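A look at the structure
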Amino acid sequence: MINSEKLSFWYCDNCNRTLNHGEFRYNCTICDDFDYCETCAKTADPPHPHQMVPELAYGRAEKKKYHIKNMKTIIQAAIDKYWDRHCMGTRNVDKENLSIYMDSYSWLTFKTIGDRSMNFGHGLRRLIEPRGYLGICAGNRPEWMITDFACMFQSIISVTIYTMFTGSEIAYVINNTKVTVVVCDKQVLPKFIDLQSQCSSLQHIICMDPITDIISITKHNGISIHYMEDIEKYGSTNQYDCVNTQPTDCFTILYTSGSLAFPKGTIVSENAFRAAFPQQLPSSSSADYIHFSYRPLAWAADRDSIIITFLHGGRTGFSTGDPSRLLEELALVRPSDFAASPNFWNKIYTEFKTSLALLTTCCLPEAKADEEQRLLQQFSKLIPNRCKIITVGGAMVSPIVLDFMKRCFTHCSVDESYGITECGGVTYNNLVEDSLQYRLESVPEMGYTLEDKPFPRGELLTKTTQMFSGYINNPEETRAALTEDGFFRTGDIVELRTCQNGRIDIRVID
Ligand SMILES: [Zn+2]
Ligand SMILES: [Zn+2]
């Protein structure tokens, strides 16, 4: 793929040669923005003292005018613009023993992702009409996003289903939305096969992995089971016309992970979905956008991060889904930013405290401070050097843990984000998002009122550009969640602080 006429953004820090677009750069895993060309990486004497990893070098993308009017056209524009860059990657396994993971990733280009999504979309049309409901239930992998893009291309409504849902929750989701096609991986396939008698709308199951003979030869009461690659093959030779939709039409259904009640299907219009992303393709830059995807894609936050990375011409490396390998895979992908729940950071903090206590039981105070500094430095390596932003979100984080993160990961900015499935991003670092409309309501039975001093407290009601349009086939819950003037009752108790500079700061307190 080497194009000797086009230069990349990178140069060799040894021989100073500018690397070509499409050539490998050997990127140092320790030094900041430090690369060797292949020759220097292999022959430099003395060799560079740190591990270097080959990554694809690329240059400025073609300047073209794209007519962006919806999600479909912006995704297609990104595929066209960044076609030969790495787009999505999965961890390599040992060819001899598939249960052994290698310390490397294989990458698919934007073109491959684009072609597969296009083919899969056409292939799906044999099984489902535009505006039909298609469930996606799988671990994090390129095929999840290929299915998502295929639905966008063919105006099929994607319904995201958590893999951890129980059988009865999945049956509820399928019946509630009248899902006719499910795309899943081999881990959850048996769940769907077991549920067929309870789900009369379900006609087709498409498995992302090759199907074993036992399953494919069994008769399944009118449900057909397909292999994704076969659908893609069919779609590559059978093209269907796309159907246009309105920006206010339902685009995707996000099922919330209801811990107490049945999941609720949040209806998201194309307008609301698109509000999370740049409206045009961002202009080309040398900044690396690298995302590490490990949080369930049924949850909007990680799916959105992948699409934002994609629109910037960046790449996403997927975790294998094994929590015990998370930090190892984080170190392999070396993302440019990393978001995690308070739970994740709490665990690291607890580990830090335990190690510190063990190391300093009989130290003098000054030796203790040195020891703590040394330990902080050691822990800081958990977040790869290339990662410049770490975000904590999804729940409240304790100030002690936040302070630890800031002292430990000094190479990163530490940010807090607060968002809700029903309305997208609400605050970032406690500051109100520009487009946010909000108000507070007193909750006297919990002891929070607008008259509270020094700051008013109460339930947060919001209206955003990413606002959902109700819960599917659930008018009661919809009525309970939305006010008459269209504000969403978040159920979160917040404190409204006015800062000295007049900015408003929203803190979730309960
Ligand atoms: Zn060189
Ligand atoms: Zn180095």
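1. Some thoughts on the coordination of the zinc ion (ligand 1)
- Only C12 (SG), C15 (SG), C37 (SG) and C40 (SG) from the protein reach the zinc ion (ligand 1) as donors, at distances of 2.3 Å.
- In this structure, the zinc ion (ligand 1) is surrounded by 4 donor atoms whose angles at the metal cover 99 to 117°, and the resulting shape is tetrahedral.
- One chain supplies every donor to the zinc ion (ligand 1), and in sequence these donors are spaced C-x2-C-x21-C-x2-C. For the pair C37 and C40, one class covers both residues: buried.

2. Focus: the sheet that holds strand 4 (residues 35-36)
- If you trace the 3 strands from one edge of the open sheet to the other, you get 4-3-5, paired in antiparallel fashion. Among the strands making up the open sheet, the edge pair consists of strand 4 and strand 5 (52-56).
- Two elements, strand 3 (residues 24-28) and strand 5, share 5 bridges in a ladder whose sense is antiparallel. Looking at strand 5, one finds that F24 is bridged to L56.

3. Points about helix 5 (residues 167-177)
- Among all positions in helix 5, only E169, I170, A171, V173, I174, N176 and T177 are buried.
- Looking at the buried residues of helix 5, the elements they touch are strand 8 (133-137), strand 9 (157-160), strand 10 (181-184), helix 6 (189-195) and strand 13 (250-255).
- Directly beyond the C-terminal end of helix 5, a positive phi value near 60° is found at K178.

4. Topic: the packing of helix 13 (residues 365-380) against helix 14 (residues 399-408)
- It is at 9 Å that the axes of helix 13 and helix 14 come closest, and there the two elements cross at 85°. The angle between helix 13 and helix 14 falls in the class roughly perpendicular. Together, E372, L376, F379 and S380 of helix 13 and F404, R407 and C408 of helix 14 make up the contact between the two elements.

5. Some words on the packing of helix 12 (residues 342-359) against helix 14
- Interaxial distance between helix 12 and helix 14 falls to 10 Å at its minimum, and their mutual angle equals 75°. Between helix 12 and helix 14, the interaxial angle falls into the category roughly perpendicular. Contact with helix 12, carried on its side by W345, N346, I348, Y349 and F352, involves I400, V401, F404 and M405 of helix 14 and no other residues of that element.
- Residues belonging to the contact of helix 12 with helix 14 are distributed by class as follows: 8 nonpolar, 1 polar and no charged.

6. Remarks on unusual backbone geometry
- Along the chain, D45 connects to P46 via a cis peptide bond; the corresponding omega equals 0°.
- Looking at the secondary structure, you find P46 in the loop between helix 1 (38-43) and strand 5.
- Following K453, the chain continues to P454 via a peptide bond in cis, the omega torsion being 0°.
- Checked against the element boundaries, P454 lands in the loop between strand 22 (437-441) and strand 23 (457-463).
- Backbone geometry at R131 places phi at a positive 75°, although glycine is not the residue there.
- Structurally, R131 can be placed in the loop between helix 3 (110-124) and strand 8.
- One non-glycine residue, R334, adopts positive backbone phi at about 45°.
- Structurally, R334 can be placed in the loop between helix 11 (326-333) and strand 17 (337-340).
- Here R334 falls in the buried class, since its relative accessible area comes to 4%.

7. Details of the coordination of the zinc ion (ligand 2)
- The coordination sphere of the zinc ion (ligand 2), as far as protein atoms go, consists of C28 (SG), C31 (SG), H48 (NE2) and H50 (ND1), spread over 2.0 to 2.2 Å.
- Each of the 4 donor atoms around the zinc ion (ligand 2) contributes to a set of angles spanning 104 to 115°, which defines the coordination as tetrahedral.
- Coordination of the zinc ion (ligand 2) draws on donor residues from a single chain, spaced C-x2-C-x16-H-x1-H in sequence. Of this pair, C28 sits in strand 3 while H50 sits in the loop between helix 1 and strand 5, and the two are 22 residues apart along the sequence.
- By relative accessible area, which is 1% here, C28 ends up buried.

8. As for the side chain of E329
- Positionally, E329 belongs in helix 11.
- A relative accessible area of 0% places E329 in the buried class.
- Looking at E329, its side chain comes within polar contact range of the side chain of R91, at 3.0 Å.
- Not counting the four nearest positions on each side in its chain, E329 is found in contact with R91, Y105, F292, S319 and T320.

9. Quick look at the nonpolar core
- Residues I75, F149, I307 and F310 are the most contacted members of the largest nonpolar core, which totals 50 residues.
- Summarising the domain contributions, this core has at least three residues from each of domain 2 (109-274) and domain 3 (290-418).
- Residue contacts for F310: discarding those within four places in its chain leaves I75, A78, I79, Y82, C87, M88, F110, I113 and F149.

10. As for the domain arrangement of the protein chain
- What the domain assignment reports for the protein chain is domain 1 (1-59), domain 2 (109-274), domain 3 (290-418) and domain 4 (423-508).
- Centre-to-centre, using C-alpha coordinates, domain 2 lies 33 Å away from domain 4.
- Across the contact, 13 residues belong to domain 2 and 11 residues belong to domain 4.
- Counting the surface domain 2 buries against domain 4, the share from its top three residues, K264, I267 and A272, is 52%.
- At the surface where domain 2 touches domain 4, the tally comes to 1 salt bridge.
- One salt bridge in this structure joins E477 and K264, with 3.9 Å as the shortest N-O distance.
- Summed over the shared surface of domain 2 and domain 4, the result is 4 residue pairs in polar contact (both at pLDDT 80 or more).

The rules we used
Residues numbered from 1 in each chain as written. Chains lettered and ligands numbered in written order. Predicted model: local features only at pLDDT ≥ 70, side-chain atom pairs only at ≥ 80, totals over all residues. Heavy atoms only, no water. Donors = N, O, S within 2.8 Å, 3.2 Å for Na, K, Ca; no water. Tetrahedral: all angles 85-135°; square planar, octahedral: opposite > 155°, others 65-115°. Buried < 20%, exposed > 50% of the residue type's maximum accessible area, 1.4 Å probe, protein only. Pairing = 2+ DSSP bridges. Helix = DSSP H or I, 4+ residues; strand = E, 2+ residues; numbered from the N terminus. Contact = heavy atoms within 4.5 Å. Axes fitted to C-alpha atoms, helices over the stretch in contact; angles between N-to-C directions. Parallel < 35°, antiparallel > 145°, perpendicular 65-115°, else oblique. Nonpolar A, V, L, I, M, F, W, Y, C, P; charged D, E, K, R; others polar. Polar contact = N/O pair within 3.5 Å; in protein donor to acceptor, adjacent residues only side chain to side chain. Core = buried A, V, L, I, M, F, W, Y, C linked by side-chain atoms within 4.5 Å. Domains from an automatic or database assignment. Buried area = accessible area lost by both parts, 1.4 Å probe. Salt bridge = Lys/Arg side-chain N within 4 Å of Asp/Glu carboxyl O.

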